[in-house]
Amino acid sequence: MMDTIMPDIPRFYTALAEWLACMIFILPLKKRMAKKTIPLMAGALVVQSVFLVVTGNLMIYFWIPCMVIAVILMIGFIYGCCDIGSTDAIYFGMIAFVVAEFLASIEWQVVCFIWKGQMPALWIRALLLIGIYGCIAFVLLKIMQTHLPKDGKMNISPKELFSAQLIAIAVFAVSNLSFLTSNTPFSGTYSFEIGNIRTLVDIGGIAILYAHLIQCGELRVKKELEAVQNVLQNQYVQYKQSRESIDLINYKYHDLKHQIAVLRSEEDPKKREEFLNRMEEEIRQYEAQNKTGNKVLDTVLTTKSLYCNKHGITFTCVADGTLLDFMDVMDICSIFGNALDNAIECEMKIPEKEKRLIHVTVSRQKSFLILRFENYYEEELQYKEGSLITTKKEKSSHGYGLKSIKYTVNKYEGAVSIDTKDHWFDLKILIPMKENKKEN
């Protein structure tokens, strides 16, 4: 059994480990201030190093408060560099703290194991430090890049954050228990034994926290997919309800035409004649609209156009519905339902009814199907990372209409583009035509 006394880890080594652990999370994420990121990184390393070195000789009573401050500095470093929320920054900071504990522990333990009694030359220690820190950080960085969402935002819930904090605190407490007292069943009595406990507990903590992070990411993707699927299903349900309503309206209008003929033959005063003429004209207008050649598209367009007429929105459409024959019913409902719902919602915010304008085009250009949804808007639109930011207060529960459209279009290997110019919102969808799928 080794009874050689292992020296304490140099405080600068710990500071460097904490800084590098933060970098594992900072590098894959979108930066908050790109031009100031490098100076902020350098400043964080200086601050972390100075703080740990200055507080290295304080009494043991101040050890825990100093570690808490060090963790706060790490969280602030991550939050200041990355375009993420405070909850995500705290979550990443807790994982980074355990990673830093492991980096510092395993590197120093290897050094003390190889060179017992006397430390090697400074350049050898520097190479070993760079090698061990660099290899472990590189592996953890690659794992992080694989499992982080594309936008880098985990949207960690309070419960997920609380469980991660409990894990990090438990790992830190168990790994450092022997430094406080050896009078417990879980403490070591020899310095190398204490180092082994700390290293093994820290690596176990990293495994648990990384598994926790992966699970949180998978739950986030699952919830988002379920939300998109709900939007798809809701549009399909609306289509079926609208189909039934329109069939009933068609039946009533058909009966009404016969009633008009009977009334015309029995009595023909001028006022009634004018009234009957207006009714007949409305019937002809209704019969002439939204006959695109695709029954699903006819139903969706008729439903939305009736709603627009009721709320003072001018709705125009030029569409060849036969071009959509290769598409699934639910996909047509999703694309047109969500696009028109978003446009109608935008128009309802405009006070002047004469400015409420929506135009839809369905056409073909060479071997591509082109869908265009244009509507007038007045309020200022905001973009972030190339995507529109919802203007609704509850941002986390909205924005799935456009996501659902993109999800559906991706099934057909298509593309979605958005253009805003001169107060006109232009949603353009390009889908390769696939004639061999018409049987669907």
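Computed from a prediction, not measured in an experiment: that's the story for all the values here.

Rules and cut-offs
- Residues numbered from 1 in each chain as written.
- Predicted model: local features only at pLDDT ≥ 70, side-chain atom pairs only at ≥ 80, totals over all residues.
- Heavy atoms only, no water.
- Helix = DSSP H or I, 4+ residues; strand = E, 2+ residues; numbered from the N terminus.
- Buried < 20%, exposed > 50% of the residue type's maximum accessible area, 1.4 Å probe, protein only.
- Contact = heavy atoms within 4.5 Å.
- Areas by Shrake-Rupley, 256 points an atom, 1.4 Å probe, with all protein chains shown as cover.
- 1 Å grid on protein atoms, 1.4 Å probe; cavity = no way out; pocket = protein on both sides within 12 Å on 5 of 7 lines; lining within 4 Å.
- Points joined across faces, edges and corners; volume = space filled by probe spheres on them.
- Nonpolar A, V, L, I, M, F, W, Y, C, P; charged D, E, K, R; others polar.
- UniProt positions renumbered as here; feature names shortened; annotations may be inferred.
- Pairing = 2+ DSSP bridges.
- Axes fitted to C-alpha atoms, helices over the stretch in contact; angles between N-to-C directions.
- Right-handed = clockwise from strand over helix to strand, strands pointing away.
- Expected span 1.5 Å × (residues − 1).
- Polar contact = N/O pair within 3.5 Å; in protein donor to acceptor, adjacent residues only side chain to side chain.
- Core = buried A, V, L, I, M, F, W, Y, C linked by side-chain atoms within 4.5 Å.
- Phe/Tyr/Trp six-rings, centres within 6.5 Å; stacked < 30°, edge-to-face > 60°.
- Lys NZ or Arg CZ within 6 Å of the ring centre and 35° of its normal.
- Left-handed = near helix turned anticlockwise from the far one by under 90°.
- pLDDT = per-residue confidence, 0-100.
- Salt bridge = Lys/Arg side-chain N within 4 Å of Asp/Glu carboxyl O.

Engineer: Where do I start with the overall build of the protein in this structure?
Structural biologist: For the protein, the helix and strand inventory stands at twelve helices and seven strands. A total of 440 residues make up the protein; the buried ones form 41% of that total. Contacts spanning at least 24 positions in sequence make up 74% of the contacts within the protein whose residues lie at least 6 apart. Entry remark: accessible area of the protein is about 24500 Å², with carbon and sulfur atoms responsible for 60%.

Engineer: Explain the environment of Thr-420 here, please?
Structural biologist: One can find Thr-420 in strand β6 (residues 415-421). Taking the C-alpha atoms as reference points, Thr-420 and Asn-375, separated by 45 residues in sequence, lie 9.9 Å from one another.

Engineer: Which parts of the structure should I look at to understand empty space enclosed by the protein?
Structural biologist: Unfilled space is identified by rolling a water-sized probe across the atoms. Considering all chains together, one arrives at one cavity of 30 Å³ or more under this definition. Volume-wise, the largest cavity comes out at about 40 Å³. Taken together, Glu-18, Trp-19, Cys-22, Ala-44, Gln-48, Leu-73, Met-74 and Phe-77 form the lining of the largest cavity. Mapped onto the lining of the largest cavity, the elements with two or more residues apiece are α1 (11-26), α2 (37-54) and α3 (63-81). Looking at side-chain class alone, the lining of the largest cavity contains six nonpolar, one polar and one charged residues.

Engineer: What should I look at first to understand the UniProt feature "transmembrane region" (unreviewed entry) in the protein in this one?
Structural biologist: Mapped onto the present numbering, the UniProt feature "transmembrane region" (unreviewed entry) falls at residues 12-30, 37-54, 60-82, 89-110, 122-141 and 161-180. Between the C-alpha atoms that bound residues 60-82 the distance is 34 Å, and the span itself is 83% helix and 0% strand.

Engineer: How should the sheet that holds strand β7 (residues 424-432) be read in this particular structure?
Structural biologist: Hydrogen bonds between backbone groups are what pair the strands of a sheet, and the pairing can be parallel or antiparallel. Spatially, β1-β2-β3-β7-β6 is the arrangement adopted by the five strands of the open sheet, whose pairing is mixed. Two strands bound the open sheet, and with one partner strand each, they are β1 (314-319) and β6. The mean inter-strand angle of the sheet, taken between neighbouring strand axes irrespective of direction, is 10°. Against the sheet, helix α10 (residues 295-310) contacts β1 and β2 (357-365), and its axis sits at roughly 160° relative to β1. Across the sheet, helix α11 (residues 329-347) touches β1, β2, β3 (368-376) and β7, and the angle it forms with β3 is around 15°.

Engineer: Could you clarify how one ought to interpret the pairing of β1 in this entry?
Structural biologist: For a regular strand, side chains alternate in direction, first toward one face of the sheet and then toward the other. One ladder, built from six bridges, connects β1 with β2; its direction is parallel. By the bridge assignment for β2, Thr-316 is matched with His-359. Chirality of the crossover, the property in question, places the unit of β1, α11 and β2 among those that are left-handed.

Engineer: Help me out: how do you make sense of unusual backbone geometry in this one?
Structural biologist: Trans peptide bonds make up the majority, and among non-glycine residues the majority have a negative phi. One non-glycine residue, Asn-155, lies in positive phi territory at about 55°. One can find Asn-155 in the loop between α5 (122-147) and α6 (158-175). Although it is not a glycine, Lys-366 adopts a positive phi angle of roughly 55°. Relative to the elements of secondary structure, Lys-366 occurs in the loop between β2 and β3.

Engineer: Teacher, can you tell me more about α10 here?
Structural biologist: One full turn of an α-helix is made of 3.6 residues, so residues set three or four places apart face in the same direction. With 16 residues, α10 should cover 22 Å at 1.5 Å per step; its first-to-last C-alpha distance of 23 Å lies within 8% of that length. Its side-chain oxygen placed 3.1 Å from the backbone nitrogen of Val-296, Asn-294 serves as the N-cap of α10. Looking one or two places after α10, you find Gly-312, whose phi comes out positive at around 70°.

Engineer: How should the nonpolar core be read in this particular structure?
Structural biologist: If you look at soluble globular proteins, the nonpolar side chains tend to sit buried side by side. Formed by 62 residues in total, the largest nonpolar core has its most connected members in Phe-25, Ile-26, Phe-77, Tyr-91, Phe-92, Val-99 and Tyr-210. At 16 residues, helix α4 (residues 86-114) tops the list of elements feeding residues into this core. If sequence neighbours within four positions are ignored, Tyr-91 has contacts with Ile-156, Glu-160, Leu-161, Ala-164, Leu-209, His-212, Leu-213 and Cys-216. In this structure, Met-327, Cys-333, Ile-405 and Met-433 belong to the second largest nonpolar core, which totals 36 residues.

Engineer: Looking at this structure, I do not really get the packing of aromatic side chains. What am I missing?
Structural biologist: Two measures describe an aromatic ring pair: the distance that separates the ring centres and the angle between the ring planes. Enumeration according to the criterion identifies eight aromatic pairs in this entry. Aromatic side chains Tyr-13 and Trp-108 sit 5.8 Å apart centroid to centroid with 85° between the ring planes, which places their arrangement in the edge-to-face category. Here the residue Tyr-13 occupies a position in helix α1, and Trp-108 occupies one in helix α4, the gap between them amounting to 95 residues. In terms of burial, Tyr-13 and Trp-108 fall into one category: buried. Aromatic rings pair up to connect Phe-25, Tyr-91 and Phe-92 into one cluster. One residue, Arg-32, lies across the ring of Tyr-79, its end atom 4.2 Å from the ring centre.

Engineer: Even after reading the chapter, I still don't get the packing of α4 against α5, so can you show me in this structure?
Structural biologist: Angle between the axes and distance between the axes are the two parameters that describe a pair of packed helices. Put simply, α4 and α5 touch, their axes get as near as 10 Å, and they point 140° apart. Every pair of crossing elements has a handedness; the one defined by α4 and α5 is right-handed. Where α4 approaches α5, its residues Val-99, Phe-102, Leu-103, Ala-104, Ile-106, Glu-107, Trp-108, Val-110 and Val-111 are matched on the opposing element by Arg-125, Leu-128, Leu-129, Ile-132, Tyr-133, Ile-136 and Leu-140. Among the residues making up the contact of α4 with α5, the classes are represented as 14 nonpolar, no polar and two charged.

Engineer: Hey, could you run me through the confidence of the model for the protein in this one?
Structural biologist: Detailed reading of the predicted coordinates is not advisable wherever pLDDT is low. Of the residues in the protein, 74% reach a pLDDT of 70 or more, and the chain-wide mean stands at 79. No element of the protein has a lower mean pLDDT than strand β4 (residues 383-384), at 52, and none a higher one than β3, at 94. Low pLDDT, under 50, characterises residues 393-398; the predicted model gives this stretch four contacts beyond four residues in sequence or across chains. Across residues 436-440, confidence stays below pLDDT 50; counting only partners more than four residues off in sequence or on other chains, it has five contacts.

Engineer: I'm lost on the pattern of salt bridges in this one. Help?
Structural biologist: Where charged atoms of side chains with opposite charge meet at close range, the side chains can pair. Counted under the stated rule, the structure contains five salt bridges. Note that Lys-304 and Asp-341 form a salt bridge whose closest N and O atoms lie 2.7 Å from each other. Here the residue Lys-304 occupies a position in helix α10, and Asp-341 occupies one in helix α11, the gap between them amounting to 37 residues. For Lys-304, a relative accessible area of 9% corresponds to the buried category. Between Asp-331 and Lys-411 there is a salt bridge, with the nearest N and O atoms lying 3.1 Å from each other. Here Asp-331, found in helix α11, pairs with Lys-411, found in helix α12 (residues 400-411); they are 80 residues apart in sequence, far enough to count as distant. Assessed through its relative accessible area of 4%, Asp-331 is described here as buried. Given a relative accessible area of 48%, Lys-411 falls into the partly exposed group. If you follow the salt bridges from partner to partner, you end up with Arg-372, Glu-374 and Asp-426 in one network.

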